[in-house]
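Given next are the chains, with one letter for each unit.
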Amino acid sequence: QVKLRGYRIELGEIEAAVAGGPGVRQAAVVLREDQPGDQRLVAYVVPDPGHWDEAAARARLALSLPDFMMPSAFVALDALPLSPNGKLDRAALPAPTYTGRTAGRAPRTPAEEILCDLYAEVLSLPGVTVDDDFFDLGGHSLLATRLVSRVRTTLGAELSIRQFFEAPTPAALAVVLAGAGRARAALTARPRPERLPLSYAQQRLWFLHLLEGPSPTYNIPTVLRLSGPLRPEALRAALLDVVGRHESLRTTFTEDELGARQVVHPADGVRPVFETAESTEADYEADLARAARHAFDLGAEIPVRARLLRLSEREHVLLLLVHHIASDAWSRGPLAQDLTTAYTARCAGDAPTWQPLPVQYADYAVWQQEILGDDTDPETLAGRQLAHWKRQLAGLPERLDLPTDRPRPATADHTGDRVEFTVPADLHTRLTELARATDTTLYMVLQAALATLLTRHGAGEDIPIGTPIAGRADDATDHLIGFFVNTLVLRTDTSGNPTFRELLTRVRDTDLTAYTHQDLPFERLVEALNPTRSLTHHPLFQ
């Protein structure tokens, strides 16, 4: 079982569907990540000679599989590669060539040509026509954010997420960009001030660290199951390489008379904790749970450590533990890729050779303050966005009252859980079709459904829902490990007994406006709105 963009997928189910087609002798489906952060399903087939028709296979699978389970590429092989023990050798499977559409008009202007190239780059396609819809080609909200960033950098034009949603083809987008304003200053490496500020997101976590002391609450654990021969010392060296590459992983924090500041330590002056231990299949999960509760002292130790458990000669489990002040969910992609590159090099007796990062996280923290400006000045980016959010969230309910089975505790203890369930494939297909028919996204459809459910359970008709957003508005941050994620408040109005399609129209308008005003840090918004503070619940949304 794998997880792709929030969906849990049984690869065996897709393999069975592929193998059940005419002319297919064997099939294997894997989740690949050939570019950081871009995970795709790939089907490998061993066809009967002269009987493989990829177009027919795609059409047949589209009738039985939902979109999120459709392979992005098919690769025909003479035989599936096997390991010495007879299992599929996934490492030996060749990288696919992703194919886009071939029907459609060719670019007619330099702007259209550049946009087609950017679409193909972001979607990992060999080519795109001016009439291809970004979302029909497999694009989603994260990739849309990346494309907007690439447009800003390449064409020097400012483009909002709303504008992109309303003009998702290169031809339509070229028209929009013809009247677009000049892009804001790009994030670049520049001479740094002697005193390095914290980003706004880091300021909140540093404040909580000072208030509560070292705590595991904001730890981000990543667990990797490693099968096959392993060289622990090469892995240890590889982790040190990654820490050297990313300043965020060798940064501590301190206070002076002006407040908090970052201290970036030289690469040769730090050594992350790398523990090794023996364990068993029965015990390793408990061992990892204990290790994941390590409380980082952010003022005295770098925010990353590792623990490697040896289960047998060929089975190991690696825990990479990073504090949220130095990482976020997106960062797991660059972390895994850089660690893999470095480990491969160290096993060969070499140091990793990788392209230098264009910027570091400290550059972003300085740039963020410059680009946002003073939010008390209505002419700055922060001032304009703060004014929007004050209007948008005026009169927001202090909290949602739901008929829970027990009262809220006097102090939130951050003890949570998750409930997993499976959405049937046919239901997912119908939800996706509804999103396409209403020019919304699947996320917007589910948000509207959640707001409807909460209203029916007595939460009222004014439903604020909090959602994370990547916060990587400049493509220089794509391959950085760091804390960029921001939080948006999506206020959903269910009053007036709207039809569900009418509610979707409201949700779409609210969300696209929120995405356009996503730069203002949530921490600054809470300070400005100053809602009633309580230890029992989160401010602005729960």
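Residues numbered from 1 in each chain as written. Predicted model: local features only at pLDDT ≥ 70, side-chain atom pairs only at ≥ 80, totals over all residues. Heavy atoms only, no water.

### Section: the overall build of the protein
Move 1: If you tally the helices and strands in the protein, you get 16 helices and 13 strands.
Move 2: For the protein, whose C-alpha radius of gyration is 25 Å, the value lies close to the compact-globule estimate of 24 Å for 542 residues.
Move 3: When its C-alpha atoms are laid out on the principal axes, the protein stretches across 70 × 60 × 55 Å.
Move 4: When burial is assessed residue by residue, the protein has 48% of its 542 residues classed as buried.
Move 5: Across the protein, the fraction of contacts at a sequence separation of at least 24, relative to all contacts at a separation of at least 6, is 71%. (Helix = DSSP H or I, 4+ residues; strand = E, 2+ residues; numbered from the N terminus. Rg over C-alpha atoms; globule rule 2.2 N^0.38 Å. Buried < 20%, exposed > 50% of the residue type's maximum accessible area, 1.4 Å probe, protein only. Contact = heavy atoms within 4.5 Å.)

### Thoughts on the side chain of Ser279
Move 1: By secondary structure assignment, the location of Ser279 is in the loop between strand S9 (273-278) and helix H9 (284-292).
Move 2: Here the side chain of Ser279 touches Tyr284 through a polar contact of 3.4 Å, landing on its backbone nitrogen.
Move 3: Ignoring any residue separated from it by four or fewer positions in sequence, one finds Ser279 in contact with Tyr284, Leu309, Arg310 and Leu311. (Polar contact = N/O pair within 3.5 Å; in protein donor to acceptor, adjacent residues only side chain to side chain.)

### Let's talk about the sheet that holds strand S11 (residues 315-323)
Move 1: Judged by pairing direction, the sheet is mixed, and its four strands sit side by side in the order S6-S11-S10-S9 without closing on themselves. The open sheet has two edge strands, strand S6 (219-227) and S9, and neither has a second partner. For this sheet, the mean angle separating the axes of adjacent strands, direction not counted, is 15°.
Move 2: Direction of pairing for S9 relative to strand S10 (residues 304-310): parallel, over a ladder of six bridges. (Pairing = 2+ DSSP bridges. Axes fitted to C-alpha atoms, helices over the stretch in contact; angles between N-to-C directions.)

### What about the packing of aromatic side chains?
Move 1: Applying the stated rule across the entire model yields twelve aromatic pairs.
Move 2: Between Tyr361 and Phe484 the ring centres are 5.1 Å apart and the planes differ by 70°, which places this aromatic pair in the edge-to-face class. With Tyr361 in helix H11 (residues 361-372) and Phe484 in the loop between strand S12 (462-469) and strand S13 (486-493), this pair connects stretches of sequence that are 123 residues apart. Exposure class is identical for Tyr361 and Phe484. Each is buried.
Move 3: Put simply, the rings of Tyr119, Phe134, Phe135, Phe164 and Phe165 touch in pairs and so form one group of aromatic residues. (Phe/Tyr/Trp six-rings, centres within 6.5 Å; stacked < 30°, edge-to-face > 60°.)

### Here's the deal with the packing of helix H7 (residues 200-212) against H11
Two packed helices can be described by the angle between their axes and the distance between those axes.
Move 1: Following both chains from N to C, one finds H7 and H11 inclined at 110°, their axes separated by 9 Å at the closest point. Between H7 and H11, the crossing angle belongs to the class labelled roughly perpendicular. Facing Tyr200, Gln202 and Gln203 of H7, the residues of H11 in contact are Tyr361, Gln368, Gln369 and Leu372.
Move 2: Residue composition of the contact of H7 with H11, grouped by class: three nonpolar, four polar and no charged. (Parallel < 35°, antiparallel > 145°, perpendicular 65-115°, else oblique. Nonpolar A, V, L, I, M, F, W, Y, C, P; charged D, E, K, R; others polar.)

### Topic: empty space enclosed by the protein
Move 1: Summed over all chains, the structure comprises three cavities of 30 Å³ or more.
Move 2: In terms of lining residues, the largest cavity is bounded by 19 residues, among which Tyr364, Gln368, Gly471, Phe484 and Asp519 are the most central.
Move 3: With six residues, the top contributor of residues to the lining of the largest cavity is H11.
Move 4: Grouping the constituent residues of the lining of the largest cavity by class yields eleven nonpolar, five polar and three charged.
Move 5: Computed from the structure, the second largest cavity encloses a volume of approximately 70 Å³.
Move 6: Forming the walls of the second largest cavity are Leu205, Leu208, His209, Glu212, Gly213, Ser215, Thr217, Tyr218, Phe296 and His323.
Move 7: Considered class by class, the residues forming the lining of the second largest cavity number four nonpolar, five polar and one charged. (1 Å grid on protein atoms, 1.4 Å probe; cavity = no way out; pocket = protein on both sides within 12 Å on 5 of 7 lines; lining within 4 Å. Points joined across faces, edges and corners; volume = space filled by probe spheres on them.)

### Some thoughts on a nonpolar patch on the surface
Move 1: Together, Phe421, Val423 and Leu427 give the surface a local cluster of nonpolar side chains, amounting to about 290 Å² of exposed area.
Move 2: Tracing the backbone through its elements, the reader meets Val423 in the loop between helix H12 (381-392) and helix H13 (425-437).
Move 3: The exposure class assigned to Val423 is partly exposed, which follows from its relative accessible area of 36%. (Patch = residues over 30% accessible without salt bridge, like charges linked within 9 Å, V, L, I, M, F, W, Y side chains within 5 Å. Areas by Shrake-Rupley, 256 points an atom, 1.4 Å probe, with all protein chains shown as cover. Salt bridge = Lys/Arg side-chain N within 4 Å of Asp/Glu carboxyl O.)

### A word on the nonpolar core
Within soluble globular proteins, side chains that are nonpolar tend to cluster in buried spots.
Move 1: Residues Phe134 and Phe164 are the most contacted members of the largest nonpolar core, which totals 98 residues.
Move 2: Discounting residues that sit within four places of it in the chain, Phe164 has contacts with Tyr119, Phe134, Phe135, Ala144, Leu147, Val148, Leu159 and Leu173.
Move 3: Membership of the second largest hydrophobic core comes to 19 residues, among which are Leu11, Ala27, Leu61 and Met69. (Core = buried A, V, L, I, M, F, W, Y, C linked by side-chain atoms within 4.5 Å.)

### Let's talk about the pairing of S10
Move 1: Of all seven residues in S10, six are buried; the element is thus mostly enclosed.
Move 2: For the crossover that starts at S9, traverses H9 and ends in the parallel S10, the hand is right-handed.
Move 3: In this sheet, S11 lies alongside S10 in antiparallel orientation, the contact comprising seven bridges. Paired with Leu309 across the two strands is Val317, which belongs to S11. (Right-handed = clockwise from strand over helix to strand, strands pointing away.)

### A short note on the domain arrangement of the protein
Move 1: Domain parsing of the protein yields domain 1 (2-92), domain 2 (110-179), domain 3 (200-363) and domain 4 (373-529).
Move 2: Summarising the inter-unit geometry, the C-alpha centres of domain 1 and domain 3 are found 33 Å apart. (Domains from an automatic or database assignment.)

### Observations concerning the packing of H12 against helix H16 (residues 522-529)
Move 1: At a minimum axis distance of 11 Å, the contact between H12 and H16 shows a crossing angle of 60°. Between H12 and H16, the crossing angle belongs to the class labelled oblique. Crossing hand, H12 versus H16: right-handed. Contacts between H12 and H16 involve Leu386, Trp389 and Lys390 from the former and Leu525, Ala528 and Leu529 from the latter. (Left-handed = near helix turned anticlockwise from the far one by under 90°.)

### Digging into the pattern of salt bridges
Move 1: Summed over the entire model, instances satisfying the criterion amount to 34 salt bridges.
Move 2: In this structure, Arg162 engages Glu166 in a salt bridge whose closest nitrogen and oxygen atoms are separated by 3.5 Å. Here Arg162 and its partner Glu166 are both found in helix H5 (residues 161-166), four residues apart, which amounts to about one turn of the helix.
Move 3: With a shortest N-O distance of 3.8 Å, Arg506 and Asp493 are connected by a salt bridge. Taken together, the residues Arg506 in helix H15 (residues 500-516) and Asp493 in strand S13 connect sequence positions 13 residues apart.

### A short note on unusual backbone geometry
Move 1: Residue Ser124 is not a glycine yet carries a positive backbone phi of 55°.
Move 2: As for its placement among the helices and strands, Ser124 is situated in the loop between helix H3 (110-123) and helix H4 (141-155).
Move 3: Take Ser124: its relative accessible area is 12%, and that puts it in the buried class.

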